[in-house]
Amino acid sequence: VRQLPLLHCVQRMFASQTEGELKVTQILKEKFPRATTIKVTDISGGCGAMYEIQVESEEFKEKRTVQQHQMVNQ
């Protein structure tokens, strides 16, 4: 059966994290142990090609945005 994209999005909202999201979250928790927020969302429809990542941590204090992005991408 073929699902419509909108139906997939609605189902995804209620689904638990994907394996990829869990893996990236775990890596970020190890990299940023003092983070107060870590949120990873697969925005590629579940295939793991692209993630939206939110990390809030004291480790970013006084760092430029580019430096913060480099830290997360590492």
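Residues numbered from 1 in each chain as written. Predicted model: local features only at pLDDT ≥ 70, side-chain atom pairs only at ≥ 80, totals over all residues. Heavy atoms only, no water.

In the annotation of an unreviewed UniProt entry, the entry for the chain reads MOB1A kinase, and the organism field reads Crocuta crocuta. Recorded in UniProt for the chain, the comment headed Sequence similarities (unreviewed entry) runs: "Belongs to the BolA/IbaG family." (UniProt positions renumbered as here; feature names shortened; annotations may be inferred.)

(A) Summary view of the environment of Phe32. Inspection of the secondary structure assignment puts Phe32 in the loop between helix H2 (19-31) and strand S1 (37-42). C-alpha separation for the pair Phe32 and Glu59, spaced 27 residues apart in sequence, amounts to 7.6 Å. (Helix = DSSP H or I, 4+ residues; strand = E, 2+ residues; numbered from the N terminus.)

(B) Region of the structure containing unusual backbone geometry. At Glu62, a residue that is not glycine, the phi angle is positive and equals roughly 65°. Along the chain, the position of Glu62 falls in the loop between strand S2 (51-56) and helix H3 (65-73).

(C) Spotlight on the nonpolar core. Core analysis: the biggest nonpolar cluster contains seven residues, these being Val24, Leu28, Phe32, Val40, Val55, Phe60 and Met71. The contacts of Phe32, once residues within four sequence positions are left out, are Ile38, Val55, Glu59, Phe60, Met71 and Val72. (Core = buried A, V, L, I, M, F, W, Y, C linked by side-chain atoms within 4.5 Å. Buried < 20%, exposed > 50% of the residue type's maximum accessible area, 1.4 Å probe, protein only. Contact = heavy atoms within 4.5 Å.)

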